[in-house]
Each structure stands twice: as C-alpha cells, then as structure tokens.
Amino acid sequence: LATSVQAADLVLDNGASATSVEFIDGRTLRFTLDTPNDEGTFNYSLAEGALSDLQSAGNPAYAGSFHVDHTGPQVESHSADTNAPFTTLDLVFDEPLAAASIGTADIASFTGPTGTAISVSSVTLVNGNTVRVTFAAQYAEGDYTLVLNPTLTDAVGNAMNQDDDSVNGEAGED
C-alpha cells in the first residue's frame, strides 16, 4: 500500500539517507537519496514488513549496495606485438572505459627510438578495459614513447587520473 512505506524505511550507511519515496507502479518504488559526495560503497536495507501489499502481507527483508566512483582510469600495463614488425600496442586500464571516449585524438604523441613521430591509424576498445593503438609497421629496436591525452573516461565519465592525485583529466600530468 502506498501509505505503508516511508523514505526513512530505507536505511543507508556512511552518512546517506533517503529523502523521499515515489510510487512508480504497483511493483516499483523510487527512493531519492541524499549521499555525501564521497567515493565509496554505500549499503542499504529495507526491513522485513516495512511495506505491505493489498492483502496486508509484508515484504521480505532486502539489502544491497552501490558504489560512488569519482576516480579516473589509470593504465595498469601495456603490451606490444612481440615479433617485428609490430603494428599494435595494447593498453590495459584498471577499470572499464566508455567506448565513446576513445579515438585517435587520445594520443598526444607517439615517437620511435630516434624521436621520429609515428602516425596512429586507430585507437579502439578491445574489451571493457583494454585499448588497442594501431599504427604503421615498426621495425626499429629501442624505446618507443606514447603520451596519452587524459580525455579517456571510465564508464561513469571520470577522465583519466594516471598520477592518482584526485584531480582527473589534467593535461601533462595524467
């Protein structure tokens, strides 16, 4: 019944609270939450019998959690073709990325062992957290340098934070 549930029936931890409850249909409630702007996991519960149906039967207890994410993705590892010529470089991030945020504009620069610029032909998402950079065949042995723009975002829109300083998307730092 619409009168059998209140916002306060949804109990949250870590300073969060339910401020209102809306009845969407006969089977769905929407709670509006007030949560601190802190990254972390919030647990919630709805006690057994907090609401009742038309036959006055109470609900079973329910509990769950959700995570608030403010941290931008970071490159965890990279791997290149092991045989010459090599034409791809895979970058593995610590969390899933938003496919729409990935493209050649994410490469600030790519240079070979002699400092010569290498043109990138594509940047694609291979799976949720792996990006593949494709370029013309390279034969030279030595160190290659790839610099990313911090415009890649995770699944919730946080820009890169490679230096892990709590400020996402800093050009020249992330």
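See the structure printed just above.
Predicted model only: the values in this text are computed from it and were never measured.

Q: An account of the nonpolar core is requested, with residue identities and associated values reported.
A: The biggest cluster of nonpolar side chains holds 17 residues, and the ones touching the most others in it are Phe93, Ile107, Val123, Val133, Phe135 and Leu148. Mapped onto this core, the elements with two or more residues apiece are strand E7 (86-93), strand E8 (107-111), strand E9 (120-127) and strand E10 (130-138). Tallying contributions element by element places E7 first for this core, with 4 residues. The residues touching valine 123, leaving out its near neighbours within four places in the chain, are Ile102, Gly103, Thr104, Ile107, Val131, Arg132 and Val133.

Q: Would you mind going over unusual backbone geometry in detail, with residue names and values included?
A: Look at asparagine 14: it is not a glycine, yet its phi comes out positive at around 60 degrees. Within the secondary structure, asparagine 14 sits in the loop between strand E1 (10-12) and strand E2 (17-25). On the basis of relative accessibility, which here comes to 48%, the residue asparagine 14 falls in the partly exposed class.

Q: With reference to specific residues and values, describe the sheet that holds strand E6 (residues 75-80).
A: Strand order in the open sheet formed by 4 strands is E6-E7-E10-E9, and the pairing between neighbours is antiparallel. Edge positions in the sheet fall to E6 and E9, since each of these pairs with one other strand and no more. Neighbour to neighbour, the strand axes of the sheet diverge by 25 degrees on average, direction disregarded. The pairing of E6 with E7 spans 5 bridges and is antiparallel. The residue of E7 that forms the bridge with serine 77 is valine 92.

Calculation rules
Within any chain, residue numbers begin from 1 and follow the written order of that chain's sequence. Thresholds applied to this predicted model are a pLDDT of at least 70 for local features of residues and 80 or more for the giving and counting of side-chain atom pairs; totals over whole chains, interfaces and linings are not thresholded and use all residues. Hydrogen atoms and water are omitted, and side-chain values are computed over all heavy atoms in the structure. Joining through side-chain atoms within 4.5 Å is the link that ties buried Ala, Val, Leu, Ile, Met, Phe, Trp, Tyr and Cys residues into a set, and such a set is a nonpolar core. Exposure is judged per residue with a 1.4 Å probe applied to protein chains only, and the accessible area is read against the type maximum: over 50% gives exposed, under 20% gives buried, and values in between give partly exposed. Each helix is a run of H or I in the DSSP string that is no shorter than four residues. Each strand is a run of E no shorter than two, and both are numbered from the N terminus. We call two residues in contact when some of their heavy atoms are within 4.5 Å. Paired strands, as defined in this entry, are two strands with at least two bridges between them according to DSSP. Note on geometry: axes are C-alpha line fits, over the in-contact stretch for helices, and angles between N-to-C directions span 0 to 180 degrees.

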